Amino acid sequence: MPVRFEVNGKNVEVEVEPRLTLADCLRHNLRLTGTHVGCEHGVCGACTVIVDGAAVRACLMLAVQAENTKVVTVEGLSRDDGLTPLQASFRKHHALQCGFCTPGMITTAHALLSEEPDADAERVREVLSGNLCRCTGYVSIVEAVLDARAAYRKREGTAP
Amino acid sequence: MKLPNFEYAAPSSLAEAVALLASGGGEAKPIAGGQSLVPMLAFRLAAPTLLVDLRRIPDLDRISVTAGGVRLGAMVRWRDITDDPRLTTAHPLLKSAVAHVAHYQVRNRGTVGGSLAHADPAAELPAIALTCEADIAAAGPSGTRGIAAADFFLGALTTALAPDEIIIEVRLPPWPPARRWGFEEFARRRGDFAMAGAALFYDEDASGKATNAHVGVLGVGDRPLRLAEVEAVLNGHVIDETTIARAQKAASASVEPADDIHASAAYRRALVGTMVERALGSACTRARASHAGPV
Amino acid sequence: MRPTNLLVGSAVERLEDLRFLRGRGQYVDDLARDGVLHAAILRSSIAHGRIRSIEIAAARALAGVHAVITAADMGKSVPIIPMRLQPLPEFHPFEQPVIADGKVRYVGEPIAVVLADSAAIAEDALALIEPDIEPLPAVANRRAAAKDDSILFEDKGTNLALTFRATRGDAAAAFGDAAYTRRETFRVQRHFALPMEPRGLLADWDAARGRLTVCGASKVPFFNRRILAKQIGLPEDAIEMVENDVGGGFGARGEFYPEDFLIPFAARHVGRPVKWTEDRREQLMAMNHAREAECDIEIACARDGRILGLRGHAFADMGAYMRTNGAVGARNIAQFMSGPYRIPNIDIDVSLLMTNKTPVGTYRGPGRFETDFFRERLLDMAAQDLGLDRVEFRRRNLVSAGEMPYPIATIAPFENRDELDSGDYQMTLERCLEEIDWGRKSRLQGREIDGRYHGLAVGCFIEGGAAGPKEGARLVLEPDGSLSVYVGSSAVGQGLETAFAQIAADAMEIPIDRIRGVFHGSTSYVSDGYGSYHSRAVVMGGSAILLAASALRDAIRSRAAHRLGCDPAAVEIVEGSKAVGPGGSSLPLVGIADEGISAEGSFLNKKHTYTYGAHAAHVAVDPKTGHVQLIDYVVVEDCGRIINPMMLRGQVIGSVVQGLGGAFMEDLAYDDQGQLLAGSLADYLIPTASDFPMIRAVVMEVHPSPINPLGAKGAGEGGIIAVGGVIANAVANALSSFSVQPRELPLTPSRVWHLLHDARRAEAAE
């Protein structure tokens, strides 16, 4: 069946089986492979995207359920000419190693800081506890998100 | 873990949704947030022929707070409950329990109706519904009916809903401002299903003794349980250290949990006693704090 | 190198991050191919049985299915996967066929491969395949295996694959005389690497040119190419293994698995590209398991606390087949049980027992995590018995700098003599005690504060790295003056591109932005590569780069000399950008040769490096829930020579958190029918961001390695090795007033509660 929605500011229309997840639709139909699939049962968070402003697990959403929504993926939170303040903070704090969980961390952190730019360490850890990482041990990721708060408070380089 | 094949419909009215479910011959299922259903499909533990998406049906996502109590529409999400400032006083036990549900992303999609229909034995909302004597409204081909929470949860992942019924609302009785309450759960990690949890409340009579005690537990049976034996220990007594110790023992003695890879039965039994103990402890602490405030 | 390094030793931000942060990494599942078919693998749901038949007709008939492959399609014999490390002839009968051949021996063993238009259809087809398997009694654990009632490999007649033995001095005599001995049994549970990216392969068969390309290679692509070539009947140079971005390895990814034959075979079989992506449920039963080991060991000491000997028996549960590197962990248990301590008399054997469970391979610090737990528990127990302070007991017995190189136990068979190369073990212990504030915190030991019992522990470790035999690198000065770096090492997420860019840029005296790229792993990049395992990449690949740089500078001087008309010896390369001859004539390096200049380097090595250090932990145990809160955790490690301290600290902390997962929560539990009970990430629990917020790592460069030009030591695994022992000792310390002695991991809340509950009941009974 056809489904129409907006991805990273662009309108798209795709023809999908109802059983296709939003994660697989983004990755394979729309070739936006930045969103990663790590478990397909809603635990690891690697597939996190933002739908109508809220961070969600794309592996638990059917593509057809995205009808008329606005979806933002890690690609939509990136620039061609450099890194956003959030990404630069991750790089500065060495908050990634293999990079597989990273898109999910970025989208989740962006969603959190967009709503709660004053989130404290406890809150950041609570929110990120839904995103698994096997490489970093999380310490540097939490540091990176906290350090990015300044940009979100000033709303500099933090759209959409 | 790709999903099995199914047909899909997103009706724009409740009547249409009920009709679609009825047409499925017992093989159709409603889908709301999908946070519990989609993993089941991914593991191919369920293979419905038709999914009926409730997202376009209007008026299922309201939270209403009146003198008659709190009503949560079936499509109310966890984050809607957390974000609603009225519930802090209108139903603090509900709010406290919901703070423990899952993770950030799940809370943006998971719904009240979905949780009740899924009936995981370690889930928070079924325990709240049971403890608070909630009423669950379900719409089916022959109309809407109310199902008391005590009659709703029949076993692990099993409820009294007919295959062609959809939960539309859960109604919690009114909550007196002076009520004492506590919620405690212990999970392996934050956001995991609890290994045991306790949701309880009681009122106080003029002499400071507990009355109307309601004690519910989760994670120690195939469904949430109300522990009458614990309620009997509390009713008519002041909630002090002695009573709490007796309540803890009574709680442990009145459950028959199973062994599994996360915990032994003996451990769960002891743990539920500790959860009751700590929930009562927090009820008292809150009571002392409110007494200490300005008159 | 420059007289002072500009890049090596500094916290350069990573080059890889620019693509990973923007979702522009290219992992194997991100690749697309026209005409690709998707593979799904039918895996045995029975732990042990004889295959009578496999009914594939219904699956084959499903719309969208193109083929269903079984052992019957593989010609006269099903290829066997040979061992890569310690390939002893005794192991050969236990090696794994690429697909179940006559028997199934573990839940998860591949039985058939379905090729279909989509992964979903392929999975639909799996349900339609009917394997008829006559069940046999499952060998569920090492005790059942040793009984040999039910045998996995009938013609072998036993489930005991081999016994390694580590010896030093004369243990029998030492124990005969000893004033004090203590004997204990310990157990570490089965757990594994669980990298975040599941495995995947994309194979392309070009029939016209007879060339096979396999994407998704990792860790040891050259070795795997060699195996595949033999199995599939192609010359090695007709196969290209391509390494894409890799989402973590930790020892488990990249070894030759059944799928590494099945997918390329399938591509050739149907003449179309074939893609396979492992799902998480599959990974839990199909990727190498690790760590499951028990021991019955004894320590002997003199009254003054000198350790005289260590002896006993260990038992490694190998799973159903000997995998490419399956013997490593078991062997290490025996050979490295002494760790950094002076133990003059050793006699430890380790039996490798086959069971009907997923086969076992290496996982970060293989065998070392287990054996460290065994030993450190025994040390704390002995110190307590002898009335000695646990720290002082360790100080007395650590190998001193003056004793290096210090030979450790010799392991047989596969004779291996090893020695601790250099280091000051006392120094890292003292620093660790300082960092955790041991002096002040000692007062908390065993005390109950706010309802929780506090405990402390410290443990010392060594980490072996830099396995030989060699590694290759190639540097190319491009016509535009940029430098391309090609290396045989594999990147698995450890920041290799950045580390190697730092090394190469310093060696050629250029700024890092003149590095065009670091190309790693794929077989087309160097003529002979070895890969990333045993913490060898920086030492081996880095040293190879240094040698290649030296060769490149010679080649540049030669070319410049030719054009300047002078002797190469008279040419100097100045500021990495020009070649200057006698009399001041000079040539810019940009365009010095139309097609660029390239040079290779190969670094050979026979000795291991040893980073070393200490871990300390402060815990608080809730006796009612069994929850252990980790209040503080410190690692101090001397890593020889640090290329990028920010990356190194990241490795250490990530490693510690994996260790904490093993100490507290990860468990690949099986029932007595060989059924894996951990079927999803809701059962197999790993640490999350809220579990262990307080982890600190202090990394130092005090004792460079004497055996490579960088002075570096392999350092990816030290953070995990000591965690089990330190945590268990801290919990024992916290609950010491109840005489609780943890002897088994993981220390789940349920287990901790039971230890306490049983200890209290025992006390009440007295």
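Sequence order as written defines the numbering, with residues in each chain counted from 1. Chain labels run from A onward and ligand labels from 1 onward, assigned in the order the entries are written. Under the rules for a predicted model, residues below a pLDDT of 70 receive no local features and side-chain atom pairs below 80 are neither given nor counted, while totals for whole chains, interfaces and linings still include all residues.

Draft legend 1. Summary view of the pairing of strand β29 (residues 628-638) of chain C. Residues and elements named next belong to chain C. Exposure criterion: with C-beta atoms placed from backbone coordinates, a residue whose C-beta has 20 or more other C-beta atoms within 10 Å is buried, one with 12 or fewer is exposed, and one in between is partly exposed. Only runs of H or I of at least four residues qualify as helices and only runs of E of at least two qualify as strands under DSSP, and these elements are numbered from the N terminus. By the criterion of burial, β29 is predominantly enclosed, with eight of the eleven residues buried. Two strands are said to pair when DSSP picks up at least two bridges between them. As paired strands, strand β28 (residues 609-621) and β29 are joined by ten bridges and run antiparallel to one another. The residue bridging alanine 616 from the neighbouring strand is valine 634, located in β29. At this point the chain moves from β29, through helix α16 (residues 645-664), to the parallel strand β30 (residues 695-700), and the crossover so formed is right-handed. Consider the strands pointing away from the viewer: the crossover is right-handed when the path from the first strand over the helix to the second runs clockwise.

Draft legend 2. Representation of the interface of chain C and chain A in the model. What counts as a contact here is a pair of residues whose C-beta atoms, placed from the backbone, lie within 7 Å. If you look at the interface, chain C gives 44 residues, while chain A gives 44 residues. Sort the elements by how many residues they give to the side of chain C that touches chain A and α16 of chain C lands first, with eight residues. By the convention adopted, Pro, Cys, Tyr, Trp, Phe, Met, Ile, Leu, Val and Ala count as nonpolar, Lys, Arg, Asp and Glu as charged, and the other residues, Gly among them, as polar. Here the side of chain C that touches chain A is composed, by residue class, of 20 nonpolar, 13 polar and eleven charged.

Draft legend 3. Spatial organisation of the domain arrangement of chain C. Residue and element names in this part refer to chain C. Looking at the assigned domains, one finds that chain C contains domain 1 (31-136 + 199-286), domain 2 (139-191 + 289-416), domain 3 (421-461 + 609-766) and domain 4 (467-604). Annotation comment: domain bounds sourced from an automatic or database domain assignment. For domain 1 and domain 4, the distance between their C-alpha centroids amounts to 38 Å. Facing 19 residues of domain 1, the contacting portion of domain 4 comprises 16 residues. Elements that contribute at least two residues to the side of domain 1 that touches domain 4 include exactly α6 (221-232) and β11 (239-242). If you tally residues by element for the side of domain 1 that touches domain 4, the top one is α6, at four residues. For the side of domain 1 that touches domain 4, a count of residues per class yields eight nonpolar, six polar and five charged.

Draft legend 4. Layout of the sheet that holds strand β1 (residues 37-43) of chain C. All names here are of chain C. If you walk across this open sheet you meet the seven strands as β3-β5-β1-β12-β9-β10-β11, and the pairing is mixed. The open sheet has two free edges, formed respectively by β3 (65-69) and β11, since each of these has just one partner strand. Across this sheet, the average inter-strand angle for adjacent strands is 20 degrees, counted without regard to direction. Bridge count for β1 against strand β12 (residues 274-277) is two bridges, and the pairing is parallel. If you follow histidine 38 over to β12, its bridge partner there is lysine 275. Between N-to-C directions, angles span 0 to 180 degrees; the directions come from axes that are lines fitted to C-alpha atoms, helices contributing only their stretch in contact. On top of the sheet, helix α3 (residues 119-126) reaches β1, β3, β5 (110-116) and β12; it is set at about 30 degrees to β1, its chief contact. Each of β1, β3, β5, β9 (200-206), β10 (211-215) and β12 is contacted by helix α7 (residues 259-270), which is oriented at about 35 degrees to β9, the strand it contacts most.

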